[in-house]
Amino acid sequence: MNAAARREIFARLARANPTPATELKYRTVFELLVAVILSAQATDKSVNRATATLFKVANTPQAMVKLGVRGLKRYIKTIGLYNTKARNLVKTARLLIARHGGKVPRTREALEQLPGVGRKTANVILNTAFGHPTIAVDTHIFRLANRTGLAPGKTPRQVEEQLARRVPEPYRKDAHHWLILHGRYVCTARRPHCGRCILYDLCEFRDKAKYRDSRRLARRAAPRRALAGTRAQTPRAK
Ligand code: SF4
């Protein structure tokens, strides 16, 4: 895919959704960190359901330590891998207090030393909380980047590096959320909604014609906000 097509992809996504944001609910950076750790291999919806109650009793590192692993498990047991996540979250809360004055650190190095925080989680925090132009390559972005030809790669790290090189500068900060939302609601894993996709003519997916008639499915599956990335709501650029 050439540079002009890549630029046009982001121009369209930006017009469709000028202020993209995470679907995780949070009010502080610590709450965001907790939500992102919980979201590994879980849906944002399931995390939001759990944190709606959890954050009422523990939304600071101090309160999380006080709640303890056993107490925390009661709030997050509907989320996959909750045993490990509960242990990691309490250890992370302890480290934040011991090393960072109870604050979430602003560097990749410090973030990646926290239990439960790998490169992907660190990228989300750096981007969403601190405005860095990082892109956390999750399953949706990995699929979308490869399918469209935007940033092909065999591993999430390769895709991340390609995106860092190929996303035009003005779009880098928001690229993460645009790509996730487009992958989650339009360029879905099993039946991509190519018929409603604003990127159709730019996309290099070999089978896109096969999925052109997916209009009805897209309308039913996606919330209104995500449909901002589909053709019905957004005029196609000339
Ligand atoms: S045209 Fe289809 S495969 Fe290409 S980005 Fe859109 S939904 Fe995905």
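One numbering rule holds for all chains: residues counted from 1, following each sequence as written. Reporting in this predicted model follows two pLDDT cut-offs: at least 70 for local features of residues, and 80 or more for side-chain atom pairs to be given and counted; totals over whole chains, interfaces and linings ignore these cut-offs and use all residues.

## What to know about the overall build of the chain
Next up, step 1: Going along the chain from the N terminus, every DSSP run of H or I of four or more residues is numbered as a helix, and every run of E of two or more is numbered as a strand. Each helix and strand counted, the chain has 11 helices and zero strands in total.
Next up, step 2: Ordered by position in the sequence, the α and β elements of the chain form the string α-α-α-α-α-α-α-α-α-α-α.
Next up, step 3: Counting other C-beta atoms within 10 Å of each residue's C-beta, where C-beta atoms are placed from the backbone, gives the exposure class: buried for 20 or more, exposed for 12 or fewer, partly exposed between. Looking at the chain residue by residue over its 238 residues, the buried ones come to 41%.
Next up, step 4: Each residue is represented by a C-beta atom placed from its backbone, and any two residues with such atoms within 7 Å are regarded as in contact. Counted over contacts in the chain with a minimum sequence separation of 6, partners at least 24 positions apart contribute 59%.

## A look at the site of the ligand
Next up, step 1: Near the ligand there are 14 residues, and of these C187, C194, C197, C203 and F205 occur at the shortest range.
Next up, step 2: Each residue is assigned to one class: nonpolar for Ala, Val, Leu, Ile, Met, Phe, Trp, Tyr, Cys and Pro, charged for Asp, Glu, Lys and Arg, and polar for all the others, Gly among them. Residue composition of the shell around the ligand, by class: 10 nonpolar, two polar and two charged. All residues are tested the same way: a C-beta atom is placed from the backbone, and lying within 6 Å of a molecule or strand makes the residue near it.

## Some details on unusual backbone geometry
Next up, step 1: Its identity is not glycine, yet Q41 carries a phi of approximately 55°, on the positive side.
Next up, step 2: Considering the arrangement of structural elements, one finds Q41 in the loop between α2 (29–38) and α3 (44–57).
Next up, step 3: We note that L81 has phi near 60°; this positive angle belongs to a residue other than glycine.
Next up, step 4: By secondary structure assignment, the location of L81 is in the loop between α4 (61–76) and α5 (82–100).
Next up, step 5: Residue L81 is classed as partly exposed on the basis of its 14 C-beta neighbours within 10 Å.

## Observations concerning the environment of A11
Next up, step 1: Looking at where A11 falls in the secondary structure, it is placed in helix α1 (residues 3–16).
Next up, step 2: For A11, a count of 14 C-beta atoms within 10 Å gives the class partly exposed.
Next up, step 3: Residues A11 and Y171, 160 residues apart in the sequence, show an inter-C-alpha distance of 8.1 Å.

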